[in-house]
Amino acid sequence: METTLVLIKPGGVSRNLIGEICRRIEARGLQITGLELIRAKRETVEAHYGEHKGKGFYEDVVNYLLSGPIVALAVSGENAVKAIRAMMGATNPIDATPGTVRGDLALSIEDNLVHSSSDVEAAKFELGLWFPAGPIRS
Ligand code: CMP
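Here we summarise the structure given alongside this text. Source: prediction; values computed, not measured.

So, about the sheet that holds strand 4 (residues 114-116). The strand order 2-3-1-4 describes an open sheet built from four strands, whose pairing is antiparallel. Among the strands making up the open sheet, the edge pair consists of strand 2 (31-38) and strand 4. Ignoring strand direction, the axes of neighbouring strands in this sheet form an average angle of 20°. Direction of pairing for strand 1 (residues 2-8) relative to strand 4: antiparallel, over a ladder of three bridges. Bridge assignment links Ile8 to a residue of strand 4, and that residue is Val114. Against the sheet, helix 5 (residues 80-88) engages strand 1, strand 3 (70-77) and strand 4, with an angle of about 30° to strand 1. Each of strand 1, strand 2, strand 3 and strand 4 touches helix 7 (residues 120-130); the most contacted strand, strand 1, lies at about 60° to it.

Below you can see the structure in the form of structure tokens.
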């Protein structure tokens, strides 16, 4: 049993794709165990994308995530990290296989609709960042 993080980026929220993305996750047999609509803080986004600091797209991707509301999801299930990565498709939607979220719903790497944790360690770090009080707020 694993839990991973999915972010639905501002483009996914503004295109009314929250339901479609959650539907696909649930239809696969994974469980949404945390869900929050957020206007992200810069410090959270910078920490989230810390590994990309210094790369050409870093400022743009940080500003993009700050440009509108996003949805943070904790998703749990057997092999959830790998299952979600495969369902989301390649980072660049132009390389993403049809049937994946990006392959069906996105066209550009700048607006690739979703982020998902790359491995179990990243998932642990990212879940702590986006759900500091745990996935269910009390
Ligand atoms: P994500 O999975 O959220 O991780 C880093 C994000 O940076 C990536 O998805 C893209 O949205 C964005 N990005 C923009 N340009 C690039 C690029 N050349 N390579 C990787 N990621 C990029």
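Turning to the pairing of strand 1, a few remarks are in order. Strand 1 sits mainly inside the fold: five of its seven residues count as buried. Summarising the sheet, strand 1 and strand 3 pair through seven bridges and their orientation is antiparallel. Its bridge partner being in strand 3, Leu5 is matched across the sheet by Ala74.

Glancing now at the site of the ligand. Contacts to the ligand come from Lys9, Tyr49, His52, Phe57, Val61, Thr91, Arg102, Ile109, Asn112 and His115. In the environment of the ligand, an oxygen atom lies 2.5 Å from a nitrogen or oxygen atom belonging to the side chain of Tyr49. Contacts to the ligand include Ile109, whose backbone N or O atom sits 3.0 Å from an oxygen atom. In terms of residue class, the shell around the ligand is built from four nonpolar, four polar and two charged.

A few words on unusual backbone geometry. In the Ramachandran plot, Asn16 falls in the positive-phi region, its phi being about 60° despite a non-glycine side chain. Mapped onto the secondary structure, Asn16 falls in the loop between helix 1 (10-14) and helix 2 (18-27). The exposure class of Asn16 is exposed, given its relative accessible area of 68%. Positioned with a positive phi, Asn79 is a non-glycine residue whose angle comes to about 50°. Judged by its relative accessible area of 47%, Asn79 falls in the partly exposed class.

The subject of this paragraph is the environment of Gly34. With respect to the element layout, Gly34 can be found in strand 2. According to the relative accessible area criterion, Gly34 is buried, its value standing at 4%. In this structure, the C-alpha to C-alpha distance between Gly34 and Phe131, residues 97 residues apart in sequence, is 8.2 Å. Excluding its chain neighbours within four sequence positions, the residues that come into contact with Gly34 are Ala72, Leu73, Ala74, Phe131 and Pro135.

Turning next to the environment of Ile25. Along the chain, Ile25 turns up in helix 2. A C-alpha to C-alpha distance of 8.2 Å links Ile25 and Met87, two positions 62 residues apart in sequence. When neighbours within four sequence positions are excluded, Ile25 is seen to be in contact with Leu30, Ile32, Leu73, Val75, Ile84, Met87 and Met88.

Analysis parameters
- Residues numbered from 1 in each chain as written.
- Predicted model: local features only at pLDDT ≥ 70, side-chain atom pairs only at ≥ 80, totals over all residues.
- Heavy atoms only, no water.
- Pairing = 2+ DSSP bridges.
- Helix = DSSP H or I, 4+ residues; strand = E, 2+ residues; numbered from the N terminus.
- Axes fitted to C-alpha atoms, helices over the stretch in contact; angles between N-to-C directions.
- Contact = heavy atoms within 4.5 Å.
- Buried < 20%, exposed > 50% of the residue type's maximum accessible area, 1.4 Å probe, protein only.
- Near = heavy atom within 4 Å.
- Polar contact = N/O pair within 3.5 Å; in protein donor to acceptor, adjacent residues only side chain to side chain.
- Nonpolar A, V, L, I, M, F, W, Y, C, P; charged D, E, K, R; others polar.

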